[in-house]
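The chain contents come next:
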Amino acid sequence: MVDNNQRVEFYRQMVRIRAYEEAIRRDYHADKTPAWDIGAGLIPGEMHLAAGQEPVAVGLCANLRDDDALTAPHRPHHLALAKGVDMKAMTAEIFGRTTGLGKGKGGHMHLFDPDKHFSCSGIIAEGMPVAVGQALAFSRRGTDSVAVAVAGEGAANQGAFHEALNLAAMWKLPVIFIIEDNDWAISVPRDTSTSVANNADRAAAYGVPGERIEGNDVEAIYQAVKRAVDRARSGGGPTLLEIHTVRMWGHFEGDAQAYRGDELAEAEAADPIPAYEAKLIADDLLSESEIAQILADATEEVEAAIAFAKASPEPDPSDAYQHVFA
Amino acid sequence: MTVIDASPGTRRLTTAKAISEGIAQEMRTNSEVFVMGEDVGPYGGIFGSTTGLFDEFGATRILDTPISETGFIGAGIGAAVEGMRPVVELMFVDFFGVCMDQIYNHMAKIHYESGGNVKVPMVLMMATGGGYSDGAQHSQCLWATFAHMPGLKVVAPSNPHDAKGLMISAIRDDNPVIFMFHKGVMGLPWMAKNPRSIGPVPEEEYTVPIGKAAIAHEGTDVTVVSVSLSVQHCLDVAEKLAGDISVEVVDLRTIAPLDRDTVLASVAKTGRLVIVDEDYKSFGMSGEIAATIAEVDPMLLRAPIKRVAYPDIPIPYARVLEYEALPTRDKIEAAIRDLVS
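## Some remarks on the nonpolar core
The biggest cluster of nonpolar side chains holds 82 residues, and the ones touching the most others in it are Phe177(A), Ile73(B), Ile103(B), Phe146(B), Ile178(B) and Leu252(B). Considering each element in turn, this core owes the most residues, eight residues, to helix α5 (residues 127-141) of chain A. Residue contributions to this core reach at least three from each of two domains, namely domain 1 (12-200) and domain 2 (214-340) of chain B. Beyond its immediate chain neighbours, meaning those up to four positions away, Ile103(B) contacts Ile73(B), Ala108(B), Leu124(B), Phe146(B), Leu152(B) and Ile178(B). If you look at the next biggest cluster of nonpolar residues, it comprises 70 residues, including Ala23(A), Leu64(A), Ala232(A) and Ile294(A).

## Things to note about the pairing of strand β2 (residues 33-37) of chain B
All names here are of chain B. In terms of burial, β2 is a largely internal element, five of the five residues being buried. Of the two faces of β2, the one holding Val33, Val35 and Gly37 and the one holding Phe34 and Met36 are both buried throughout. The sheet contact formed by β2 and strand β4 (residues 85-92) spans five bridges and is parallel. Looking across to β4, one finds that Val33 is bridged to Arg85. As judged from the three bridges shared by β2 and strand β3 (residues 62-64), these two strands associate in the parallel manner. Paired with Met36 across the bridge in β3 is Leu63.

## Observations concerning helix α6 (residues 159-170) of chain A
In this model α6(A) runs 16 Å from its N-terminal to its C-terminal C-alpha over 12 residues, within 8% of the 16 Å that 1.5 Å per residue would give. All of the buried residues along α6(A) are Ala160(A), Phe161(A), Glu163(A), Ala164(A), Leu165(A), Leu167(A), Ala168(A) and Ala169(A). As for α6(A), its buried residues are in contact with α5, β4 (175-181) and β8 (239-244) of chain A together with α3 (69-81) of chain B. Just past α6(A), the residue Lys172(A) takes up positive phi, approximately 50°.

## Concerning the packing of helix α1 (residues 4-30) of chain A against helix α9 (residues 272-282) of chain A
Residues and elements named next belong to chain A. Between α1 and α9, whose axes approach to 10 Å, the crossing angle comes to 155°. Between α1 and α9, the interaxial angle falls into the category roughly antiparallel. Helix-helix and strand crossings are classified by hand; for α1 and α9 the assignment is left-handed. Counting all contacts with α1, which are made through Arg7, Val8, Phe10, Tyr11, Met14, Val15 and Arg18, the residues of α9 involved are Pro272, Ile273, Tyr276, Glu277, Lys279 and Leu280. Classifying every residue of the contact of α1 with α9 gives nine nonpolar, no polar and four charged.

## Observations regarding the domain arrangement of chain B
All names here are of chain B. The domain architecture assigned to chain B consists of domain 1 (12-200) and domain 2 (214-340). Taken over C-alpha atoms, the centre of domain 1 sits 25 Å from the centre of domain 2. Each side of the interface is counted separately: domain 1 has 30 residues, and domain 2 has 30 residues. Summing the contributions of domain 1 and of domain 2, the shared interface buries around 2,400 Å²; its carbon and sulfur component is 52%. Looking only at domain 1, the three residues that lose the most surface to domain 2 are Ser133, Trp143 and Arg196, adding up to 28% of its buried area. Across the pair Asp236 and Arg196 runs a salt bridge, and its minimum N-O distance is 2.8 Å. The interface formed by domain 1 and domain 2 includes 21 residue pairs in polar contact (both at pLDDT 80 or more). Each residue belonging to the side of domain 1 that touches domain 2 can be placed in one class, and the counts come to 14 nonpolar, 13 polar and three charged.

## Here's the deal with the interface of chain B and chain A
If you look at the interface, chain B gives 43 residues, while chain A gives 35 residues. On the chain B side of the interface with chain A, the three residues burying the most area are Glu82(B), Tyr112(B) and Glu113(B), jointly 24% of the side's total. Between the two partners, chain B and chain A, sit one salt bridge. Salt-bridge contacts for Arg141(A) lead to Glu32(B); the nearest nitrogen and oxygen are separated by 3.0 Å. At the junction of chain B and chain A, the tally comes to 20 residue pairs in polar contact (both at pLDDT 80 or more). Of all elements in the fold, only β2, β3, α3, α4 (100-107) and α5 (110-113) of chain B reach the threshold of two or more residues within the side of chain B that touches chain A. By residue number, the principal contributor to the side of chain B that touches chain A is α3(B), which donates 10 residues.

Cut-offs used in this document
- Residues numbered from 1 in each chain as written.
- Chains lettered and ligands numbered in written order.
- Predicted model: local features only at pLDDT ≥ 70, side-chain atom pairs only at ≥ 80, totals over all residues.
- Heavy atoms only, no water.
- Core = buried A, V, L, I, M, F, W, Y, C linked by side-chain atoms within 4.5 Å.
- Buried < 20%, exposed > 50% of the residue type's maximum accessible area, 1.4 Å probe, protein only.
- Helix = DSSP H or I, 4+ residues; strand = E, 2+ residues; numbered from the N terminus.
- Domains from an automatic or database assignment.
- Contact = heavy atoms within 4.5 Å.
- Pairing = 2+ DSSP bridges.
- Expected span 1.5 Å × (residues − 1).
- Axes fitted to C-alpha atoms, helices over the stretch in contact; angles between N-to-C directions.
- Parallel < 35°, antiparallel > 145°, perpendicular 65-115°, else oblique.
- Left-handed = near helix turned anticlockwise from the far one by under 90°.
- Nonpolar A, V, L, I, M, F, W, Y, C, P; charged D, E, K, R; others polar.
- Buried area = accessible area lost by both parts, 1.4 Å probe.
- Salt bridge = Lys/Arg side-chain N within 4 Å of Asp/Glu carboxyl O.
- Polar contact = N/O pair within 3.5 Å; in protein donor to acceptor, adjacent residues only side chain to side chain.

Quick look at the structure:
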């Protein structure tokens, strides 16, 4: 069972993440019109947002400590925020400012926070072997820290996924592999890309436990990850989890999503946050005023982070030449 | 153990043994150093780079991996970002194709992308080079391919002394270092012997600086710049021509960052330049050095630059075909004579 305080905290974290993604979306598009230019505006470049996938990040990270490692894919904001990455420094990075996590060198797909052992890779599945190596370091040092690799369902057809699973299984390392199945690899649905209906079945190929979690339910996700983390911390080796979630928005901002047809409306209707809110109201854990307060707090934090980013200086052009080598 | 002469001060080792000794000495003093790769355990590395390490340090620190280069190079990166100092072996450089994302997009870039907040103190060592009919997929040098990527340091020693010192420097470096050992410099018992692949190696720990070339042979008539096994050929030619033509041989030792100053200083002295490279000729190390002279001061040259480099062909199998393409002593000598005449 998940205790009631924790349930409210799950809700609070999901609202916080959604407020973040909505605000980034707003500012990302605001200055790219009328002639939409991906390289223009306050936030240039590609932008992959995670609306709908908040339950994965929140249910996962509620099981993690600061000393546990997490490698995220190209769609990382929900995971970073849930892992405790500083919102201001992360936002400043997305805005390309000197106060950003990477001083404006990385951008939204390359967020690194060594204090939280959080990193990203923009290359599909390639963060997974890195998590194996982090787990190897933890194991060699005799700590009970764990490493988590998150990737989309499209990543499960990459060699890196299979190589990482085999290595972690063979060396019995404390790794939790999480496949976020949002049904779409950009425009390609999983039934035309993947030979099995359930990627967790692939765990059997490496002799590790595998579990698919349906429903995009933060509590079920929390429980499943807890089993995996407990196993990893106690020396039981890796676990592969596939979590069925929902991609409410485009693969990237500006994605017209014509390929989704009627499914898009279904995805939007499957928003996990109102559903969870209704559940907590029904259980008498949240009042309307508390809900309003949670949203207000989230909005305040997000807008403060954005204001911080906008007020932060842009890098000096000469900074481009720094940090090639340590 | 391939100790040739154990008398004090003149102890001679093969390059392979010098490398493994450097790794072992670092492992004794730093528990964060460990080795992984294919056949690095009881076998001791296909080219001998980890000889004896398994016996001393055991399976917990000398990890044989599956044939899974993306997996274990990525794991090396993950261990390095957590502060360990892995020495990872990619058996042949030619296998880079199955793991280049980890090398190009992760190992090389994480420090920069993180604004300097995350270091990747890792050594990725690999065998390079041909001359023994191993064909197009097992004979390449490819140092320029790695040197081309900002964020990677690339070293390629030509002799046992430098190999040990560079390995110790590479392990201590906070950056990813690509350590490329030519099979021909390793002193392997199952390959044609290049006498300079066995040489004096101090027993104590010492470093050879990364990014610093060496004047391997002093001269005044012509500068010959090279790296790795080709340096040995250049030295053979320089000694042969002594008394006739005074050849200065610059052993780059490091490809990236390139020691341009040493090259420029030598060319300023001699006014003539031959560049010898077993890597492909076009878009590579030899062109980079030529460009350096052209950018800084082409008036240093009294004659056009000559390049003895691998022609732009895949490496052929048949001996006569491969040696047609390799930078042999005869070609180096001919280039020098042509330039000085």
